Amino acid sequence: MITILIFLSSGLFLGWSLGANDAANVWGTAVGTRMIKFKSAALICSVFVILGAVISGAGASHTLGKLGAINELAGAFTVALSAALSVFWMTKAALPVSTSQAVVGAIIGWNLFSQSAIDMKALTKVMGTWVFSPVLSAIVAAILYFAVLALLKVWKIHLIRLDGITRVALLAAGAFGSYSLGANNIANVMGVFVESASELFTSFNIGSVFTLTGVQQLFFLGGAAIAVGVYTYSKRVMMTVGSGIYHLSPITAFVVVLASSIVLFLFASKGLKEFLVSNNLPSFPLVPVSSSQSIVGAVIGVGLAKGGRNLNLKVLGRISLGWVATPLIAAVVAFVALFIVQNVFGQIVF
Amino acid sequence: MLFNRAKSVEANIEKFLENILKASLIFEQAIKDYFDGNMENFDMRKEEISKLESESDSIRRDIKHTLYKELLIPESRGDVLGLLESLDDVIDTSQNVLVRFSIEKPKVWNQLKDDFIELSAVAAKSVEEIVSASRAFFRETTKVPEHLVKVHFHEHEADKIEVRIMKKAFDGDFIEKFSEKVHMRYFAERISLLADESETVADKLDIYTIKRSI
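What counts as what
- Residues numbered from 1 in each chain as written.
- Chains lettered and ligands numbered in written order.
- Predicted model: local features only at pLDDT ≥ 70, side-chain atom pairs only at ≥ 80, totals over all residues.
- Heavy atoms only, no water.
- UniProt positions renumbered as here; feature names shortened; annotations may be inferred.
- Helix = DSSP H or I, 4+ residues; strand = E, 2+ residues; numbered from the N terminus.
- Expected span 1.5 Å × (residues − 1).
- Buried < 20%, exposed > 50% of the residue type's maximum accessible area, 1.4 Å probe, protein only.
- Contact = heavy atoms within 4.5 Å.
- Core = buried A, V, L, I, M, F, W, Y, C linked by side-chain atoms within 4.5 Å.
- Axes fitted to C-alpha atoms, helices over the stretch in contact; angles between N-to-C directions.
- Parallel < 35°, antiparallel > 145°, perpendicular 65-115°, else oblique.
- Left-handed = near helix turned anticlockwise from the far one by under 90°.
- Nonpolar A, V, L, I, M, F, W, Y, C, P; charged D, E, K, R; others polar.
- Buried area = accessible area lost by both parts, 1.4 Å probe.
- Salt bridge = Lys/Arg side-chain N within 4 Å of Asp/Glu carboxyl O.
- Polar contact = N/O pair within 3.5 Å; in protein donor to acceptor, adjacent residues only side chain to side chain.

Asker: What exactly am I supposed to notice about the UniProt feature "transmembrane region" (unreviewed entry) in chain A here?
Answerer: Residues and elements named next belong to chain A. Following the UniProt record, one finds the feature "transmembrane region" (unreviewed entry) at residues 38-61, 73-91, 130-152, 164-186, 206-233, 245-267, 287-307 and 319-341. When the span residues 130-152 is considered, its composition is 100% helix and 0% strand, and the gap between its end C-alpha atoms is 33 Å. Helix makes up 100% of residues 164-186 and strand 0%, and the two end C-alpha atoms of the span are 32 Å apart.

Asker: I tried to follow helix H5 (residues 144-171) of chain B on my own but got confused; where do I start?
Answerer: Every α-helix winds through 3.6 residues per turn, so residues three or four apart in the chain are directed the same way. Residue and element names in this part refer to chain B. For H5, which comprises 28 residues, the first-to-last C-alpha distance of 41 Å matches the rise-based estimate of 40 Å (1.5 Å per residue) to within 8%. Those residues of H5 not exposed but buried are Val144, His147, Leu148, Val151, His154, Glu155, Ala158, Ile161, Glu162, Ile165, Met166 and Ala169. Residues of H5 that are buried sit in contact with helix H4 (110-139) and helix H6 (178-212).

Asker: Just checking my understanding: could you explain the nonpolar core for this structure?
Answerer: Burial of nonpolar side chains together is a common tendency in soluble globular proteins. Formed by 101 residues in total, the largest nonpolar core has its most connected members in Val192 and Phe193 of chain A. Counting 64 residues, the second-largest nonpolar core is a separate cluster that includes Ile91, Leu112, Ala123 and Ile191 of chain B.

Asker: It is not clear to me how the packing of helix H6 (residues 120-155) of chain A against helix H10 (residues 250-266) of chain A should be interpreted in this structure. Could you clarify?
Answerer: Relative orientation and spacing of two packed helices are given, respectively, by the angle between their axes and the distance between those axes. Residues and elements named next belong to chain A. Two numbers describe how H6 lies on H10: the axes approach to 8 Å, and their chain directions differ by 135°. The orientation of H6 relative to H10 falls into the category oblique. The chirality of how H6 crosses H10 is right-handed. Where H6 approaches H10, its residues Ser133, Leu136, Ser137, Val140, Ala141, Leu144, Tyr145, Val148 and Leu152 are matched on the opposing element by Ile251, Val255, Leu258, Ala259, Ser260, Ile262, Val263 and Leu266. For the contact of H6 with H10, the residue count by class is 14 nonpolar, three polar and no charged.

Asker: Even after reading the chapter, I still don't get the interface of chain B and chain A, so can you show me in this structure?
Answerer: How large an interface is tends to be reported as the accessible area lost when its parts come together. Counting residues at the interface gives 22 residues for chain B, matched by 28 residues for chain A. In total, chain B and chain A occlude about 2200 Å² of area from one another, counting both sides; carbon and sulfur atoms represent 66% of this. Viewed at the interface, chain A and chain B are joined by two salt bridges. Here arginine 161 of chain A and glutamate 10 of chain B are joined by a salt bridge, their closest N and O atoms 2.9 Å apart. On the surface where chain B and chain A come into contact, there are three residue pairs in polar contact (both at pLDDT 80 or more). The biggest single contributor to the side of chain B that touches chain A is helix H1 (residues 2-35) of chain B, with seven residues. Here the side of chain B that touches chain A is built from residues that sort into 14 nonpolar, two polar and six charged.

Asker: Explain helix H2 (residues 38-56) of chain A to me, please; I cannot follow it from the model alone.
Answerer: Compared with an ideal rise of 1.5 Å per residue, which puts 19 residues at 27 Å, H2 of chain A spans 26 Å between its outermost C-alpha atoms and is within 8% of the ideal. Residues of H2 of chain A that are buried: Phe38, Ala41, Ala42, Cys45, Ser46, Val49, Ile50, Gly52, Ala53, Val54 and Ser56 of chain A.

Asker: Looking at this model, I keep getting lost on the environment of alanine 24 of chain A. Mind explaining?
Answerer: Residues and elements named next belong to chain A. Within the secondary structure, alanine 24 sits in helix H1 (residues 2-32). In this structure alanine 24 comes out as buried when scored by relative accessible area, which is 0%. Taking the C-alpha atoms as reference, alanine 24 lies 31 Å from phenylalanine 335; in sequence the two are 311 residues apart.

And the structure:
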């Protein structure tokens, strides 16, 4: 068990950094502008991230599994560690970075090192989704923005009551956003371990009603790591988001969080995908996407809906750079790390 | 719970706005009574405004307490209280003007009587519009600008009447003493101050409304 935990540690570290950084995408505005207390946000966020990871986390992980079936625990450890290191370095160098893109890059690094064939279909699907997800967020945000505007015009709610409603709406959107974040991004944290570690956890029943499979227990651990990240480090990131980068009005914040949560959910929920497919509607590939890019997409969408004055081409450039630079850097780091772990530490990595 | 408290604050805000409106109507009547020499009525109306003023003060404190303690997103909180405080200055001004009338007892000149009554009516209209603008701010921000335009219009009209009174007082030969001419100028300025206060609220409301646009 201890060996497993040591090997899982790199994934748990990724989870921690996800909780520290990405929770702020969902809760930053609300907490940073003191609409919601950090304590409430952290609690709701942790609970819903774990629920999302355990209940709906399998879909996106499955796609990562297709990209690279990492069959050895040491290999998975190294891949997750390489992704984590890439994220850490790029963050330090103030480069735009997404955990999702780093993990995929690191998996490609493993594929190259182990000389496994890369599933080009899966890779194209993943990379296409990265470009598509912020665009979709922008579209959803613009639609929601106009819908909210129209509703407010019709309802003429008193400012005092509207603020109460906004607060409740922000809590609900935050809970949904956290669930979607857990469902979509747990694949980044624990996806690479599914193949090699899930069989080490045996299924167990809770009150003979629920059964937690090995994978779900793995995701629970990852979710818990995210929660630790939320509690220990996310507050300062939230304060920065709330007071600096995106200064949004409370209602716009609600629109942005809801839009990006919907997009994250679309790319994570198996149930929704099956529902869409069975009704002959276009469905979405289940792929871990970047919550930061999704939020930025939504902010741009609202900006365009307001008349396009807020469009910052620099931000768009940084996102595009992230799509290319992050996976490349992570792939190189993973390749080198796998070489070291195999040849210096004598571990079997594939 | 949250919505019950919201409801009570909404009711308080409405009551507060009603008081401001009532005070402006009473003010207009009080000035008319003074220039008609109906001092009994004037005193009664002065008392009414004084009561409304102290009632509004306590409503405003009540709202402030609830907003800061348990309600409202910090972003809007400051603006709402800022608005209520500036509106409170409007009612304070109307009370002050009446108090000065009752202490200094300016002489009534028939040549200026209609101008003073017209000035107080225009000033009261500006208050009426700022109250409507404030109501719109709480429920339907798109309607705020049209009321603000009217506030600015009435303020400008008040300025014109004020200048007219001053010119008549200083250019005409019906007032002999310089001190009495100055006294007339002083009261024209005082009444006009009510419209100026409304315009100050309008300027603030303009910004608050932009901030509220989502």
